[in-house]
Amino acid sequence: MKLRYFSHSSFQITTDDGKTIIIDPFLDDNPTSPVKSNEVEADFIVLTHAHGDHVGDAFKIAKRCDSLFICVNELANYCSDKGFQAHNMHIGGSHRFDFGTLKFTIAHHGSMTPDGTYGGEPAGVILGIEGKTIYHTGDTGLFYDMKLIGEMNAIDYMLVPIGDNFTMGITDAIKAVELANPKIAIPMHYNTFPVIEADPQVFRKQLESLGRNAVVLEYGEEILV
Ligand code: NI
Ligand code: MN
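S.K.: Sorry if this is basic, but what is going on with unusual backbone geometry here?
M.R.: Trans peptide bonds make up the majority, and among non-glycine residues the majority have a negative phi. One non-glycine residue, Glu130, lies in the positive phi region at around 50°. Positionally, Glu130 belongs in the loop between strand E9 (123–129) and strand E10 (132–136). Phi at Asn191 is positive, roughly 65°, even though this residue is not glycine. Mapped onto the secondary structure, Asn191 falls in the loop between strand E12 (184–188) and helix H6 (200–209).

Written out as structure tokens, the structure reads:
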């Protein structure tokens, strides 16, 4: 499969048989994304929580691509109420889709929609696709259950926020990687706005000095995973 990073917390997964999954598509109003919402495809849209920098252009994309939303119950209902297809889940439950498995985890954050609707609990998400496990933490502070998540899942790629202020900063993100123990860590949620400026190379170098692997993806870069 392929993993593409648009910037902020936005990623696209393309499976070997061509299914597309987009996570947190914040593109058009995102000053760092080189890709805009009319340039992406999404059979599935996964939202970790309801904040504007994560819901982003999801409705525009879903309308054009006839995407299925996958979210925690309250946010899924919010999407359904707007006329979109949604699969309702909640934290701790997994489900097999035709691309693979998906399970939401806890995240310490908020989740109100931009129009003030309660979006349910914020979440992280664990995807099991083509034998690989990807853990996108969503927006979150550090929590010790990341150790449990790492014990229960052999994580290949951990997508972890480093921008501080709203989420973990670099120091906490490094601890998060030590707890969850992925093969490779990828930083996200940094440099989009001045308040979340962070140097992803500092994160990478500090992890490497601990004998761990990190990859800093360029905005728009796609890798084979
Ligand atoms: Ni947020
Ligand atoms: Mn955010």
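S.K.: Teacher, can you tell me more about the sheet that holds E12 here?
M.R.: Pairing between sheet strands relies on hydrogen bonds along the backbone, with the strands arranged either parallel or antiparallel. In spatial order, the strands read E7-E8-E9-E10-E11-E12-E13; together these seven strands make up an open sheet with mixed pairing. Edge strands, defined here as strands with exactly one partner in the open sheet, are strand E7 (94–97) and strand E13 (213–214). Pairing of E7 with strand E8 (residues 100–106), which is carried by four bridges, proceeds in the antiparallel orientation. Note that in E8 the partner of Arg96 across the bridge is Thr101. The strands touched by helix H5 (residues 170–180) are strand E11 (157–161) and E12; relative to E11, the strand with the most contacts, the crossing angle is about 155°.

S.K.: Would you mind going over the packing of H5 against H6 with me for this structure?
M.R.: For any two helices packed against each other, the geometry is given by the interaxial angle and the distance between the axes. Packing of H5 against H6 brings their axes to within 10 Å, and their N-to-C directions diverge by 40°. Between H5 and H6, the crossing angle belongs to the class labelled oblique. Where H5 crosses over H6, the handedness of that crossing is right-handed. Together, Ile170, Ala173, Ile174 and Val177 of H5 and Val202, Phe203, Gln206 and Leu207 of H6 make up the contact between the two elements.

S.K.: So what exactly am I meant to see when it comes to the coordination of the nickel ion (ligand 1) here?
M.R.: Each pair of donors in an ideal four-coordinate tetrahedral metal site encloses 109.5 degrees, whereas pairs in an ideal six-coordinate octahedral site enclose 90 or 180 degrees. Summarising the metal site, the nickel ion (ligand 1) is bound by the protein donors His49 (NE2), His51 (ND1), His109 (NE2) and Asp139 (OD), whose distances to it range over 2.1 to 2.3 Å. One can describe the site at the nickel ion (ligand 1) as irregular: its four donor atoms subtend angles covering 86 to 174° at the metal. Sequence spacing of the donors to the nickel ion (ligand 1): H-x1-H-x57-H-x29-D. A gap of 3.2 Å separates the nickel ion (ligand 1) and the manganese ion (ligand 2), which Asp139 links by coordinating each metal. Among the residues examined, His49 registers a relative accessible area of 0% and is labelled buried.

S.K.: So what exactly am I meant to see when it comes to helix H3 (residues 73–81) here?
M.R.: Two residues of an α-helix separated by three or four positions point the same way, owing to the 3.6 residues in each turn. Regarding H3, the residues found buried are Leu75, Ala76, Tyr78 and Cys79. Buried residues of H3 fall within an arc of 155° about the axis and therefore sit on the same side. Looking at the packing, one finds that the buried side of H3 touches helix H2 (58–65), strand E5 (68–72) and strand E6 (85–89). One or two residues past the end of H3 sits Gly83, with phi positive at roughly 95°.

S.K.: Looking at this model, I keep getting lost on the sheet that holds E6. Mind explaining?
M.R.: Spatial strand order, E6-E5-E4-E3-E2-E1-E14: seven strands in an open sheet with mixed pairing. The two strands at the open ends of the sheet, each matched to only one other strand, are E6 and strand E14 (222–224). On average, each strand axis in the sheet is inclined to that of its neighbour by 20°, with strand direction left out of account. In terms of strand pairing, strand E2 (residues 10–14) meets strand E3 (residues 20–23) through four bridges, oriented antiparallel. Across the sheet, Phe11 pairs through a bridge with Ile23, a residue of E3. H3 rests against E5 and E6 of the sheet, and its axis sits at about 145° to E5.

S.K.: Where do I start with the coordination of the manganese ion (ligand 2) in this structure?
M.R.: Donor atoms from the polypeptide that coordinate the manganese ion (ligand 2) comprise Asp53 (OD), His54 (NE2), Asp139 (OD) and His189 (NE2), at 2.1 to 2.3 Å from the metal. Mapped onto the polypeptide sequence, the residues donating to the manganese ion (ligand 2) form the spacing pattern D-H-x84-D-x49-H. Residue Asp53 is classed as buried on the basis of its relative accessible area, which comes to 18%.

S.K.: For this particular structure, what's the right way to read the pairing of E3?
M.R.: On a regular strand, each side chain points to the face opposite its neighbour's, so the side chains alternate between the two faces of the sheet. Residues Thr20 and Ile22 of E3 are buried on one face, and the alternating residues Ile21 and Ile23, pointing to the opposite face, are buried as well. Of the pairings in the sheet, the one linking E3 to strand E4 (residues 44–46) comprises three bridges and is parallel in character. Paired with Ile22 across the two strands is Ile45, which belongs to E4.

Conventions we followed
- Residues numbered from 1 in each chain as written.
- Chains lettered and ligands numbered in written order.
- Predicted model: local features only at pLDDT ≥ 70, side-chain atom pairs only at ≥ 80, totals over all residues.
- Heavy atoms only, no water.
- Helix = DSSP H or I, 4+ residues; strand = E, 2+ residues; numbered from the N terminus.
- Pairing = 2+ DSSP bridges.
- Contact = heavy atoms within 4.5 Å.
- Axes fitted to C-alpha atoms, helices over the stretch in contact; angles between N-to-C directions.
- Parallel < 35°, antiparallel > 145°, perpendicular 65-115°, else oblique.
- Left-handed = near helix turned anticlockwise from the far one by under 90°.
- Donors = N, O, S within 2.8 Å, 3.2 Å for Na, K, Ca; no water.
- Tetrahedral: all angles 85-135°; square planar, octahedral: opposite > 155°, others 65-115°.
- Buried < 20%, exposed > 50% of the residue type's maximum accessible area, 1.4 Å probe, protein only.
- Arc of directions from axis to C-beta.

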